[in-house]
Amino acid sequence: MAFKKVSVVGLGYIGLPTAAVIASRGIEVIGIDVSQKAVETINQGKVHIVEPDLDMVVQAAVTMGKLRASMTPEPADAFMIAVPTPFKEGHQPDLSYIEAAAKAIAPVLEKGNLVILESTSPVGATEKLAAWLQEQRPDLHFPGASTAEPNMYVAHCPERVLPGRVLEELVSNDRIIGGMTNKCCEKATELYKTFVRGECISTNARTAEMAKLTENSFRDVNIAFANELSIICDKLKINVWELIALANRHPRVNILSPGPGVGGHCIAVDPWFIVDSAPEEARIIRTAREINDHKPEYVIDKVKAAADQFKRPVVACLGLAFKADIDDLRESPALDITCELAKANIGQILAVEPNIHELPAKLQGQGVELVNLQQALELANVLVVLVDHKPFKALHSNDINTKVVVDTRGLFSRQ
Ligand code: SAJ
């Protein structure tokens, strides 16, 4: 059965691009969000998030009348839930957004509908979703939640797109289709095949949930290995960037890069879902999180030691975003470090962040000044490289030879 109308629930970094891409394939898409501002922005053909080319695709889809946003769910052939799954105190997964989405769409579900959970979730979340829907709609039969033959379809299909390349990767990446039953896999595959050029690989819901967490935990463990190496090399007076470049010349070694900590709402969050499911067994995964979460403190201590060399320290923090060449400051170690340095009163703190025009709330009123790179080079005696933004890579060693530099990204120390 072709999908005539698809509802995307949650119009954020994943939901909106997904809705726009499906609409661009000529399928009617109704996007649902709890934010009135987001709904109004999208219905004007504009976007409320930064992602290359997304504004163009959304504008075209809205103009063609294929994409519409609303705060009220409507009947559709398929529902794709892409709402946040943060963690609560003690790194406990917070499924409240998924539960709220389930309760919001339940009244408009019809027999034969497909419900897909895209949000990155702990193992077992899709089963919980089916149970919540079953509770709301005893007249329908959801797989794994009703003793009767299912007449609804439920699957978990995690996304793995790279922020900054979402529209390209939404289409080109392989997609894992985690159906509650084989029929659920078939239905979900039919939907994804309308826009996915990569392979759609079927599995069960639990394995699909774990695959997404595994991908990001693999990266987190490898970043932790690089961060631990950077601290060991400091102690042993070895240039960690030279060390990693040499080791990576081995045909089967690929060590990632040390940094000031791990930011973003994925790599720093997802591994905790595995730790929560298997606290005794997930030892490397937990330790990697602890190593990466400790790195900012290590950097702050190094900056304090650098500032102590001056009567009037002027410390320029280069970069506030969570990774290079984006404007996303969410969960950013660079922002946290800058904030802690300001609170520590070690001297005047300057911040250089080419992708923003005003200080984030967290830094306002902290005595931090947002300056451009040229001003920082003129005014500062301590430079802290926190993000490897392209403009910083253009700096030459003679720009900094009169400064004390804490280089967490190897901008100046790579061979
Ligand atoms: N980082 C390092 N050293 C490295 C690589 C990254 O310190 O060698 C840091 C970055 O500075 C950043 C954090 O880790 O603070 C995360 O960076 P990232 O490059 O992993 O980017 P994300 O979080 O935007 O994207 C990841 C991707 N996952 C994988 O590469 C396995 C992306 O494919 C996922 O879709 C995304 O998480 C997600 O949404 O889950």
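The structure displayed is predicted, hence computed values, not measured ones. (Residues numbered from 1 in each chain as written. Predicted model: local features only at pLDDT ≥ 70, side-chain atom pairs only at ≥ 80, totals over all residues. Heavy atoms only, no water.)

## Some details on the sheet that holds strand 9 (residues 314-318)
Now for step 1: As summarised here, the arrangement of the five strands in space is 11-10-9-12-13, forming an open sheet in which the pairing is parallel. Strand pairing shows two members of the sheet lacking a second neighbour, strand 11 (368-370) and strand 13 (404-407), which therefore form its edges. The average angle at which neighbouring strand axes cross in this sheet is 20°, direction not considered.
Now for step 2: Where helix 11 (residues 283-307) meets the sheet, its contacts fall on strand 9, strand 12 (382-385) and strand 13, and the angle it forms with strand 13 comes to roughly 175°. (Pairing = 2+ DSSP bridges. Helix = DSSP H or I, 4+ residues; strand = E, 2+ residues; numbered from the N terminus. Axes fitted to C-alpha atoms, helices over the stretch in contact; angles between N-to-C directions. Contact = heavy atoms within 4.5 Å.)

## Brief notes about the site of the ligand
Now for step 1: Around the ligand there are 19 residues in total, and Val-161, Lys-212, Arg-219, Ser-257 and Phe-322 lie nearest to it.
Now for step 2: One of the backbone N or O atoms of Ser-257 is found 2.7 Å from a nitrogen atom in the ligand.
Now for step 3: Here Arg-409 contributes a side-chain N or O atom positioned 3.1 Å from an oxygen atom of the ligand.
Now for step 4: Relative to its unbound accessible area of 760 Å², the ligand is 87% covered by the protein chains. (Near = heavy atom within 4 Å. Polar contact = N/O pair within 3.5 Å; in protein donor to acceptor, adjacent residues only side chain to side chain. Areas by Shrake-Rupley, 256 points an atom, 1.4 Å probe, with all protein chains shown as cover.)

## Looking at the domain arrangement of the protein
Now for step 1: Considered domain by domain, the protein is made up of domain 1 (5-206) and domain 2 (241-407).
Now for step 2: Computed from C-alpha atoms alone, the centre-to-centre distance between domain 1 and domain 2 is 34 Å.
Now for step 3: Taken together, the contacts link 14 residues of domain 1 with 11 residues of domain 2.
Now for step 4: Carbon and sulfur atoms supply 64% of the area that domain 1 and domain 2 bury against each other, a total of about 1,100 Å² over both sides.
Now for step 5: When the buried surface of domain 1 facing domain 2 is broken down by residue, Tyr-13, Phe-87 and His-91 rank first, second and third, together holding 40% of it.
Now for step 6: On the surface where domain 1 and domain 2 come into contact, there are one residue pair in polar contact (both at pLDDT 80 or more).
Now for step 7: Taken together, the residues of the side of domain 1 that touches domain 2 break down into nine nonpolar, five polar and no charged. (Domains from an automatic or database assignment. Buried area = accessible area lost by both parts, 1.4 Å probe. Nonpolar A, V, L, I, M, F, W, Y, C, P; charged D, E, K, R; others polar.)

## Section: the packing of helix 8 (residues 205-236) against helix 10 (residues 270-277)
Now for step 1: It is the contact of helix 8 with helix 10, at a shortest axis distance of 8 Å, that shows an interaxial angle of 115°. As far as their axial angle goes, helix 10 and helix 8 are roughly perpendicular. Remark: the crossing between helix 8 and helix 10 carries left-handed chirality. Where helix 8 approaches helix 10, its residues Met-210, Lys-212, Leu-213, Thr-214, Asn-216, Ser-217 and Asp-220 are matched on the opposing element by Asp-270, Pro-271, Phe-273 and Ile-274.
Now for step 2: Its residues assigned to classes, the contact of helix 8 with helix 10 comprises five nonpolar, three polar and three charged. (Parallel < 35°, antiparallel > 145°, perpendicular 65-115°, else oblique. Left-handed = near helix turned anticlockwise from the far one by under 90°.)

## Examining the environment of Leu-54
Now for step 1: If you trace the backbone, Leu-54 turns up in helix 3 (residues 54-63).
Now for step 2: Judged by relative accessible area, Leu-54 falls into the buried class, the value being 0%.
Now for step 3: With 38 residues separating them in the primary sequence, Leu-54 and Leu-16 have C-alpha atoms 8.5 Å apart.
Now for step 4: In contact with Leu-54, other than residues within four places in its own chain, are Leu-16, Pro-17, Ala-20, Val-47, Ile-49 and Leu-167. (Buried < 20%, exposed > 50% of the residue type's maximum accessible area, 1.4 Å probe, protein only.)

## Section: the sheet that holds strand 4 (residues 78-81)
Now for step 1: On the basis of which strands lie adjacent, the open sheet formed by eight strands has the order 3-2-1-4-5-6-7-8 and mixed pairing. The sheet terminates laterally at strand 3 (67-70) and strand 8 (200-204), the two strands that pair on one side only. Each neighbouring strand pair of the sheet contributes to a mean axis angle of 25°, computed without reference to strand direction.
Now for step 2: Note that strand 6 (residues 153-156) and strand 7 (residues 175-179) share two bridges and pair antiparallel. The residue of strand 7 that forms the bridge with His-156 is Gly-178.
Now for step 3: Contacts between helix 4 (residues 96-105) and the sheet are confined to strand 1 (5-9), strand 4 and strand 5 (114-117), with strand 4 contributing the most and set at about 160° to the helix.

## Side note on the packing of aromatic side chains
Now for step 1: Under the counting rule described, the total for this entry stands at one aromatic pair.
Now for step 2: With 5.6 Å between their ring centres and 50° between their planes, Tyr-192 and Phe-195 make a pair best called tilted.
Now for step 3: Take Tyr-192: its relative accessible area is 0%, and that puts it in the buried class.
Now for step 4: Among the residues examined, Phe-195 registers a relative accessible area of 0% and is labelled buried. (Phe/Tyr/Trp six-rings, centres within 6.5 Å; stacked < 30°, edge-to-face > 60°.)

## A word on the pairing of strand 8
Now for step 1: Two strands pair when backbone bridges link them, and strand 7 and strand 8 are joined in this way by five bridges, in the parallel orientation. The residue of strand 8 that forms the bridge with Ile-176 is Ile-201.
Now for step 2: Handedness of the strand 7-helix 7 (residues 182-192)-strand 8 crossover: right-handed. (Right-handed = clockwise from strand over helix to strand, strands pointing away.)

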